[in-house]
Amino acid sequence: MKLSPLAVGVVALLPRFATAWGGFGHITVAYVASNFVANSTTAFFQGVLRNDTEDYLAGVATWADSVRYTQWGRFSGPFHFIDAEDNPPHKCGVKLERDCSKQGCIVSAFANYTVRILDGRLPEPEREIAAKFLIHFLGDIHQPLHTEHVARGGNGINVTFGGVKYNLHHVWDVEIPEKIVGGVGKEHPYTEARQWADSLTEEIRSGKFKASSQSWRKGIKFSNPELTSLGWANETNSYVCTTVLPLGPEAIVNQELGTSYYEKAAPVVEAQIAKAGYRLAAWLDLIASKINNQMAGDL
Ligand SMILES: *[C@@H]1O[C@H](CO)[C@@H](O)[C@H](O)[C@H]1NC(C)=O
Ligand SMILES: *[C@@H]1O[C@H](CO)[C@@H](O)[C@H](O)[C@H]1NC(C)=O
Ligand SMILES: *[C@@H]1O[C@H](CO)[C@@H](O)[C@H](O)[C@H]1NC(C)=O
Ligand SMILES: *[C@@H]1O[C@H](CO)[C@@H](O)[C@H](O)[C@H]1NC(C)=O
Ligand SMILES: *[C@@H]1O[C@H](CO)[C@@H](O)[C@H](O)[C@H]1NC(C)=O
């Protein structure tokens with residue numbers, strides 16, 4: 001579809017309303033996860049999501065963004081982030097009591113939907129919703145600006161990137177990931193996402209992430225989803241001080257981010273996407289094996 005000039009104007013306004021890693025990042029995370037899950041996990045989630053293709057996770061990775069501005073899904077808006085009231089670049093860190101709003105946050109939502117998918121008394125459509133939220137939120141929790149209160153996660157900071165005006169949140173959600181792979185077709189991000197995911201998978205199995213990925217699953221405590229996701233959020237948030245706002249927010253307002261900013265940000269984005277996919281696989285494995293064991297016990 002060719003966008004009319006009017007439609008382009010409308011689209012340009014959208015990044016204000018955080019779209020979260022953009023579709024491309026989320027779909028890549030999902031494909032990385034599908035490369036690492038156990039076969040029994042694939043079978044389980046293909047059943048929950050009623051999709052027996054290899055795209056069963058990727059196809060629902062952006063669903064949560066598609067409902068958050070609808071009347072039905074409005075309650076889930078606060079679930080996409082946790083706004084750490086820290087002070088970058090001097091002090092970073094997420095504190096649950098201080099930072100999780102009364103309406104909920106990504107940490108409480110992650111815990112809630114883990115409990116719900118494990119709850120065999122809930123109707124199947126509710127457990128399918130829980131699966132779709134978990135797949136999406138595990139991606140968001142790895143985007144530094146989804147763990148930061150400054151200017152609403154950078155949505156209120158205008159910058160230019162490659163000479164084009166965006167807000168900072170959008171640059172991290174969309175522009176940096178897409179630049180890493182040399183651009184993404186707007187209509188078919190699935191092909192590019194699959195390729196990027198396969199190359200990240202190779203890096204985890206036998207390349208530059210082989211050593212660091214050993215530590216990525218430490219700190220996972222299935223009996224405590226809140227503590228687990230808080231640990232991830234806190235780790236992600238540390239990049240706000242080191243890489244997103246290394247000189248503080250004022251230093252980049254209305255400035256061109258430039259090549260040296262991109263060159264420091266791109267490796268962080270790449271590692272965060274790989275990490276999110278690898279951890280998502282671990283979490284889905286834990287869910288599927290718990291439910292499969294319960295069912296075996298019931299026989
Ligand atoms: C898992 O599934 C793949 C593809 O269907 C198959 O090649 C592989 O042998 C299976 N692995 C195990 C351990 O069953
Ligand atoms: C499975 O998901 C993919 C990706 O969204 C979609 O193209 C395909 O039609 C789905 N298949 C089924 C059987 O729902
Ligand atoms: C848990 O999920 C249900 C169903 O989506 C939702 O209604 C409820 O508000 C959530 N609770 C929390 C604490 O996130
Ligand atoms: C950012 O730019 C938009 C227009 O692109 C403008 O509406 C908005 O007021 C600007 N925000 C700030 C904080 O300057
Ligand atoms: C968050 O990370 C900091 C170090 O960056 C650490 O001191 C703190 O204990 C962590 N907090 C949580 C809740 O994991």
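In what follows, the structure referred to is the one given above.
Residues numbered from 1 in each chain as written. Chains lettered and ligands numbered in written order. Predicted model: local features only at pLDDT ≥ 70, side-chain atom pairs only at ≥ 80, totals over all residues. Heavy atoms only, no water.

Let us now look at the nonpolar core. It is characteristic of soluble globular proteins that their nonpolar side chains tend to be buried jointly. Counting 90 residues, the largest nonpolar core has Phe 45, Ile 82, Val 107, Leu 168, Trp 172 and Ile 287 as the members making the most contacts within it. Considering every element that reaches this core, the biggest residue donor is helix α13 (residues 258-298), with 18 residues. Not counting chain neighbours up to four residues away, the residues in contact with Ile 287 comprise Phe 44, Phe 45, Ile 117, Leu 118, Leu 134 and Phe 222. (Core = buried A, V, L, I, M, F, W, Y, C linked by side-chain atoms within 4.5 Å. Buried < 20%, exposed > 50% of the residue type's maximum accessible area, 1.4 Å probe, protein only. Helix = DSSP H or I, 4+ residues; strand = E, 2+ residues; numbered from the N terminus. Contact = heavy atoms within 4.5 Å.)

Think of a pair of aromatic rings as described by two things: how far the centres are apart, and how the planes are tilted against each other in angle. A full pass over the atoms with the stated rule returns 20 aromatic pairs. Their ring planes at 90° and their centres at 4.9 Å tell us that Phe 44 and Phe 45 sit as a pair that is edge-to-face. Judged by its relative accessible area of 15%, Phe 44 falls in the buried class. A relative accessible area of 0% places Phe 45 in the buried class. Between Phe 209 and Trp 216, the ring centres sit 5.4 Å apart and the planes meet at 50°, which makes this aromatic pair tilted. Here the aromatic cluster, defined as three or more aromatic residues joined through ring pairs, consists of Trp 63, Trp 72, Phe 75, Phe 79, Tyr 113, Phe 133 and Phe 137. Across the ring face of Phe 36, the terminal group of Arg 205 is positioned such that the distance to the ring centre comes to 4.9 Å. Residue placement shows Arg 217 over the ring face of Tyr 278; its charged tip is 3.7 Å from the ring centre. (Phe/Tyr/Trp six-rings, centres within 6.5 Å; stacked < 30°, edge-to-face > 60°. Lys NZ or Arg CZ within 6 Å of the ring centre and 35° of its normal.)

Moving on, we come to the environment of Leu 122. Mapped onto the elements of the fold, Leu 122 is located in the loop between α6 (106-118) and α7 (124-140). The sequence separation of Leu 122 and Leu 96 amounts to 26 residues, and the corresponding C-alpha distance is 28 Å. Excluding anything up to four places from it in sequence, Leu 122 contacts Arg 116 and Arg 127.

For the rest of this paragraph, the subject is the packing of helix α12 (residues 225-244) against α13. Contact geometry of α12 with α13 gives a least axis separation of 11 Å together with a crossing angle of 170°. Taken together, the axis directions place α12 and α13 in an arrangement best described as roughly antiparallel. Across from Pro 225, Thr 228, Trp 232, Glu 235, Thr 236, Tyr 239, Thr 243 and Val 244 in α12, the residues of α13 making contact are Tyr 261, Lys 264, Ala 265, Val 268, Gln 272, Lys 275, Arg 279 and Trp 283. Residues of the contact of α12 with α13, tallied by class, amount to eight nonpolar, four polar and four charged. (Axes fitted to C-alpha atoms, helices over the stretch in contact; angles between N-to-C directions. Parallel < 35°, antiparallel > 145°, perpendicular 65-115°, else oblique. Nonpolar A, V, L, I, M, F, W, Y, C, P; charged D, E, K, R; others polar.)

With that out of the way, let us pick up the site of ligand 4. In the region of ligand 4, the neighbouring residues are Gly 156, Asn 158 and Lys 165. Asn 158 is positioned with one of its side-chain polar atoms (N or O) 2.3 Å from an oxygen atom of ligand 4. Interatomic distance of 3.4 Å between a side-chain N/O atom of Lys 165 and an oxygen atom of ligand 4. About the coverage of ligand 4: the protein hides 30% of its 360 Å² of free accessible area. (Near = heavy atom within 4 Å. Polar contact = N/O pair within 3.5 Å; in protein donor to acceptor, adjacent residues only side chain to side chain. Areas by Shrake-Rupley, 256 points an atom, 1.4 Å probe, with all protein chains shown as cover.)

Going through the model one piece at a time under the given rule, you end up with eleven salt bridges. Of the charged contacts, one joins Lys 132 and Glu 128 as a salt bridge, the two residues approaching to 3.7 Å between their closest N and O atoms. Placement of the pair is Lys 132 and Glu 128 together in helix α7, with a separation of four residues, close to one helical turn. In this structure, Lys 132 and Glu 128 share a single accessibility class: buried. A single network of salt bridges, built from pairs that share partners, joins Arg 50, Glu 128 and Lys 132. (Salt bridge = Lys/Arg side-chain N within 4 Å of Asp/Glu carboxyl O.)

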